[in-house]
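Next come the chains, spelled out residue by residue.
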Amino acid sequence: MAEATQSRNPIAREPHKANGIIPQDWQSYTQEEHDRWSRLYARQEKLLPGRACDAFLEAKANLQLPRHCIPDFEELSDRLSRLTGWRIAPVAGLVPDDVFFDCLANRRFPAAAFIRTEQELDYLSEPDVFHDVFGHVPLLADPTYAQFLEAYGRGGRRAMQRGQLQNLARLYWYTVEFGLMRSPVGLRIFGAGILSSPGEAVFSLQDSSPNRIGFDLFRVMRTKYIISDFQQSYFVIDSFRQLLDDCYQDFGAIYDRLRGQTEIEPHELLAEDRVVTIGDMRYFKFKHQ
Ligand code: HBI
Ligand code: FE
């Protein structure tokens, strides 16, 4: 990661000079890097029919997301912006929270320009261009999802002012990154962290280990999460409309109520949960024994 960040471009080493946004410099990708994208794409494409939500599969086709080379962000942004006004802003890696929220509030999605190394093909801890563009960008073409993410960005500024970032980050984590959705034919994936991961695309839907729990905003904001492994609980929304309606409000009153509440452990189930499946935690017990 550090290596890739440094090689791409001088501004990447001093991101504060450009608010973290850098030129993508598409010409500088090597053939090996394009080929790596191609292999990551092919691997996910095989797994996602019947697992990813329809909105994702349709948007990916509508956007003509390139399969054989790393997308040119400008070209892709031109197609995306005709659909929902969203554009992709190339960044060197994680940007500061305030920049991140400002981008989202203005329908700009910060996407890493670098691609993971060959050694990190299966997992890397920081988002790269495959995670950001393959995982996140297609759903930005869905009008309801597009509106949700913009509202999330605006909520981010308010949460920062109120010192409530942790609660808001949990909402992002359990929806935008690791969310599941009901469909008439079973659960489907919409979280980008799952859509871009071969292991978790299967685990999140088919493994007996994790809990799958009906989405509840207040509950999710109380729930801790693990960053570098599969999730112990996944939350299931009914639709993007439900997600948007639940979240299209000032969270001030919710933050006030949260102050008196205990946090919930990632594996914990509550009596009031709308449980879809109770996990046997097999995977986590094995890992931590
Ligand atoms: N920067 N590029 C990038 N991508 C993210 O997902 C991201 C970020 N900065 C901050 C951040 N996420 C989190 O603080 C939010 O999820 C709350
Ligand atoms: Fe992400």
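Further up the page is the structure itself.
Computed from a predicted structure; not experimentally measured. (Residues numbered from 1 in each chain as written. Chains lettered and ligands numbered in written order. Predicted model: local features only at pLDDT ≥ 70, side-chain atom pairs only at ≥ 80, totals over all residues. Heavy atoms only, no water.)

Colleague: What's the story with the overall build of the chain in this structure? I'm lost.
Modeller: Per the secondary structure count, the chain includes 15 helices and seven strands. Relative to the compact-globule value of 19 Å for 289 residues, the chain shows a C-alpha radius of gyration of 18 Å, a close match. Here the chain holds 289 residues, and 56% of them are scored as buried. Once local pairs closer than 6 in sequence are excluded, the contacts in the chain between residues at least 24 apart make up 70%. Surface exposure of the chain reaches about 13100 Å², of which carbon and sulfur atoms provide 51%. (Helix = DSSP H or I, 4+ residues; strand = E, 2+ residues; numbered from the N terminus. Rg over C-alpha atoms; globule rule 2.2 N^0.38 Å. Buried < 20%, exposed > 50% of the residue type's maximum accessible area, 1.4 Å probe, protein only. Contact = heavy atoms within 4.5 Å. Areas by Shrake-Rupley, 256 points an atom, 1.4 Å probe, with all protein chains shown as cover.)

Colleague: Would you mind going over the packing of helix α8 (residues 143–161) against helix α13 (residues 240–247) with me for this structure?
Modeller: Following both chains from N to C, one finds α8 and α13 inclined at 25 degrees, their axes separated by 9 Å at the closest point. As summarised for this structure, α8 and α13 are arranged roughly parallel, according to the angle between their axes. In this structure, α8 crosses over α13, and the sense of that crossing is left-handed. Taken together, the residues of α13 that come into contact with α8 (itself represented by Thr144, Tyr145, Gln147 and Phe148) are Phe240, Arg241, Leu243, Leu244 and Cys247. Split by residue class, the contact of α8 with α13 holds six nonpolar, two polar and one charged. (Axes fitted to C-alpha atoms, helices over the stretch in contact; angles between N-to-C directions. Parallel < 35°, antiparallel > 145°, perpendicular 65-115°, else oblique. Left-handed = near helix turned anticlockwise from the far one by under 90°. Nonpolar A, V, L, I, M, F, W, Y, C, P; charged D, E, K, R; others polar.)

Colleague: I would appreciate a short explanation of the pattern of salt bridges in the present structure.
Modeller: Side-chain pairing between opposite charges can occur once the charged atoms of the two side chains come close. In the structure shown here, the tally under the stated rule is 22 salt bridges. In this structure, Glu45 and Arg67 form a salt bridge, with 2.4 Å as the shortest nitrogen-oxygen distance. You can see Glu45 sitting in helix α3 (residues 31–47) and its partner Arg67 sitting in the loop between α4 (54–62) and α5 (73–84), a full 22 residues away along the chain. Here Glu45 falls in the partly exposed class, since its relative accessible area comes to 23%. By relative accessible area, Arg67 is classed as partly exposed at 41%. Between Glu265 and Lys224 there is a salt bridge whose closest N-O contact spans 2.9 Å. Here Glu265 is found in the loop between α14 (252–258) and β7 (275–277), whereas its partner Lys224 is found in the loop between α12 (217–221) and β6 (233–237), with 41 residues between them in sequence. (Salt bridge = Lys/Arg side-chain N within 4 Å of Asp/Glu carboxyl O.)

Colleague: What exactly am I supposed to notice about the coordination of the iron ion (ligand 2) here?
Modeller: Around a metal, the idealised angle for a tetrahedral arrangement of four donor atoms is 109.5 degrees; for an octahedral arrangement of six donor atoms it is 90 or 180 degrees. Within the protein, the atoms that donate to the iron ion (ligand 2) are His131 (NE2), His136 (NE2), Glu177 (OE) and Glu177 (OE), at distances of 2.0 to 2.7 Å. In this structure, the iron ion (ligand 2) is surrounded by four donor atoms whose angles at the metal cover 52 to 139 degrees, and the resulting shape is irregular. Classification of Glu177 as buried rests on a relative accessible area of 11%. (Donors = N, O, S within 2.8 Å, 3.2 Å for Na, K, Ca; no water. Tetrahedral: all angles 85-135°; square planar, octahedral: opposite > 155°, others 65-115°.)

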